[in-house]
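Commentary on secondary and tertiary structure
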Amino acid sequence: MAVVEGAGDHGCEYMTGGKVIVLGRTGRNFAAGMSGGIAYVYDAHRSFRQNCNLEMVELEGLSVEDVKTIYNLLKDHHQYTRSKLAGKVLDNFAYEVKKFIKVMPREYRRILEMRVQEEEPELAEVSDG
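The following refers to the structure shown. (Residues numbered from 1 in each chain as written. Predicted model: local features only at pLDDT ≥ 70, side-chain atom pairs only at ≥ 80, totals over all residues. Heavy atoms only, no water.)

Within strand 5 (residues 100-105), 6 of the 6 residues are buried, leaving the element largely enclosed by the surrounding structure. Of the two faces of strand 5, the one carrying Phe100, Lys102 and Met104 and the one carrying Ile101, Val103 and Pro105 are both buried. The sheet contact formed by strand 3 (residues 36-42) and strand 5 spans 4 bridges and is antiparallel. Opposite Ala39, over in strand 5, you have Val103 as the bridge partner. Strand direction decides the pairing type here: strand 4 (residues 57-60) and strand 5, joined by 4 bridges, are antiparallel. Paired with Val57 across the strands is Pro105, a residue of strand 5. (Buried < 20%, exposed > 50% of the residue type's maximum accessible area, 1.4 Å probe, protein only. Helix = DSSP H or I, 4+ residues; strand = E, 2+ residues; numbered from the N terminus. Pairing = 2+ DSSP bridges.)

A few words on the nonpolar core. With 16 residues, the main nonpolar core has Ile21, Leu23, Ile70, Leu74, Val89, Phe93 and Phe100 as its most contacted residues. Listed by contribution, the elements that provide at least two residues to this core are strand 3, helix 1 (64-81), helix 2 (84-91) and strand 5. Those residues in contact with Phe100 that sit more than four places away from it in its chain are Ile21, Leu23, Tyr40, Val41, Tyr42, Leu62, Ile70, Leu74 and Val89. Counting 15 residues, the second-largest nonpolar core is a separate cluster that includes Ala31, Met34, Cys52 and Ile101. (Core = buried A, V, L, I, M, F, W, Y, C linked by side-chain atoms within 4.5 Å. Contact = heavy atoms within 4.5 Å.)

None of the figures reported here should be taken as evidence of function without further support.
Structure, rendered in structure tokens:
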């Protein structure tokens with residue numbers, strides 16, 4: 001788990017697990033070779049897409065669970081660092097959270113979906129006769 005206030009070129013390159021929040025700008029080639037984990041990028045300037053390597057990842061909107069994760073990680077980050085940027089996002093969270101983009105590796109999504117299917121109980125049809 002990490003919260004950073006910006007990333008240079010090749011951010012989250014070859015990431016294989018965990019969660020990262022990027023609150024500032026990113027350099028070029030973000031997510032190149034990213035096969036696991038999830039990145040949440042605060043795209044206040046709407047410039048992230050051009051810096052992201054989309055070869056192995058998809059850019060998505062946030063689920064309710066993602067919003068909770070972002071809020072909790074930002075709250076901890078702000079508590080430990082007194083980050084002005086984290087404070088700004090938290091102070092107007094309902095509005096600012098809409099500026100986050102979820103970076104999800106395709107292969108990682110497939111693995112997570114397989115795990116959910118394995119955990120779901122099978123339902124069998126029962127008849128009386």
